[in-house]
Amino acid sequence: GAVVSQHPSWVICKSGTSVKIECRSLDFQATTMFWYRQFPKQSLMLMATSNEGSKATYEQGVEKDKFLINHASLTLSTLTVTSAHPEDSSFYICSANNGQTHNQPQHFGDGTRLSIL
Amino acid sequence: LAKTTQPISMDSYEGQEVNITCSHNNIATNDYITWYQQFPSQGPRFIIQGYKTKVTNEVASLFIPADRKSSTLSLPRVSLSDTAVYYCLVGDINSPGFQKLVFGTGTRLLVSP
């Protein structure tokens, strides 16, 4: 079945560092991917919609200059957390679906746990 | 997407059947009901999706009454590995906007020996 892969699965870095997270659709093309953030014991919160070949669409309250999204190919979207600080520590998850097949559900990556020291 | 309401948590024992109900009073005509399962430190995993009556697959059943204002996810004979958070989502799967999933609080299921 459709698979979405995220890399890395875990990142620990110092405050002020920029961190890039990759999201890949392994056996299908995705013109649209989605990025979520999840804090402990809370639900997933949508951050932005990644659009292949165009600018990402950010949800209200999400800083586009802080969370840079690039969707340069039909199988890869990247999320870069710029100048990360401890409050950016969270679990980041991406999703995509095979829009070419009717009624396909969203498939999620296994997430990236980001810890900023 | 239609707002959903689920119990915050449920407890069960191995071998029992678990039924998790989701309320979606404002469901629209074109909306489908989709359930996801999430284990700690993993992304959500699709379980089942339906529009009306009953849908069954190898892992669960989904019961939807005629008025579609609620739905029940049924997990037969749960095991310890079914301990997870279960999310109910409602929306028009044929709409591009449905791809942008809005998650509610989910139901935290704890299965004990």
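Further up the page is the structure itself.
Residues numbered from 1 in each chain as written. Chains lettered and ligands numbered in written order. Predicted model: local features only at pLDDT ≥ 70, side-chain atom pairs only at ≥ 80, totals over all residues. Heavy atoms only, no water.

Enquirer: Give me the lowdown on the overall build of chain A, citing residues and values where you can.
Expert: A count of helices and strands for chain A gives 0 helices and 11 strands. In terms of overall dimensions, chain A is globule-like: its C-alpha atoms have a radius of gyration of 14 Å, near the 13 Å expected for 117 residues. Along the three orthogonal principal directions, the C-alpha set of chain A runs to about 45 × 30 × 25 Å. Taking all 117 residues of chain A together, the buried fraction comes to 50%. Sequence separation of 24 or more characterises 53% of the internal contacts of chain A that already satisfy a separation of 6 or more. As displayed, chain A offers around 5,900 Å² of accessible surface, 50% of which is attributable to carbon and sulfur atoms. Measuring between centres, the 9 positive side-chain charges of chain A sit 5 Å from its 9 negative side-chain charges. (Helix = DSSP H or I, 4+ residues; strand = E, 2+ residues; numbered from the N terminus. Rg over C-alpha atoms; globule rule 2.2 N^0.38 Å. Buried < 20%, exposed > 50% of the residue type's maximum accessible area, 1.4 Å probe, protein only. Contact = heavy atoms within 4.5 Å. Areas by Shrake-Rupley, 256 points an atom, 1.4 Å probe, with all protein chains shown as cover. Lys, Arg positive; Asp, Glu negative; His and termini not counted. Charge placed at Lys NZ, Arg CZ, Asp CG, Glu CD.)

Enquirer: Account for the pattern of salt bridges, naming residues and giving values.
Expert: Residues and elements named next belong to chain A. According to the stated counting rule, one finds 2 salt bridges over all chains in the structure shown. Between Glu22 and Arg24 there is a salt bridge, with its nearest N and O atoms 3.4 Å apart. For Asp88, the salt bridge goes to Lys66, with nearest N and O atoms at 2.7 Å. In this pair, Asp88 sits in the loop between strand E8 (76-81) and strand E9 (90-96) while Lys66 sits in the loop between strand E6 (57-58) and strand E7 (67-73), placing the two residues 22 residues apart along the sequence. For the pair Asp88 and Lys66, one class covers both residues: buried. (Salt bridge = Lys/Arg side-chain N within 4 Å of Asp/Glu carboxyl O.)

Enquirer: Which residues make up the state of the cysteines, and what values go with them?
Expert: Residues and elements named next belong to chain A. Inspection of every chain in the model, using the stated rule, returns 2 disulfides over all chains. Put simply, Cys23 and Cys94 are joined by a disulfide, and their sulfur atoms are 2.0 Å apart. Disulfide Cys23 to Cys94: torsion about the S-S bond roughly 80°, handedness right-handed. Of this pair, Cys23 sits in strand E3 (residues 19-25) while Cys94 sits in strand E9, placing them 71 residues apart in sequence. (Disulfide = S-S within 2.5 Å.)

Enquirer: Run through the interface of chain A and chain B, naming residues and quoting values.
Expert: With 22 residues of chain A at the contact, the number on the chain B side is 18 residues. Taking both partners together, chain A and chain B bury about 1,600 Å²; carbon and sulfur atoms supply 52% of that area. Inspection of the region where chain A meets chain B yields 6 residue pairs in polar contact (both at pLDDT 80 or more). Elements represented by at least two residues in the side of chain A that touches chain B include exactly strand E4 (32-38), strand E5 (45-51) and E9 of chain A. (Buried area = accessible area lost by both parts, 1.4 Å probe. Polar contact = N/O pair within 3.5 Å; in protein donor to acceptor, adjacent residues only side chain to side chain.)

Enquirer: Break down the packing of aromatic side chains for me, citing the residues and quoting the values.
Expert: Taken as a whole, this structure holds 9 aromatic pairs over all chains when the rule is applied. One cation-aromatic arrangement involves B:Arg68 over B:Tyr51; the distance from NZ or CZ to the ring centre is 3.9 Å. (Phe/Tyr/Trp six-rings, centres within 6.5 Å; stacked < 30°, edge-to-face > 60°. Lys NZ or Arg CZ within 6 Å of the ring centre and 35° of its normal.)

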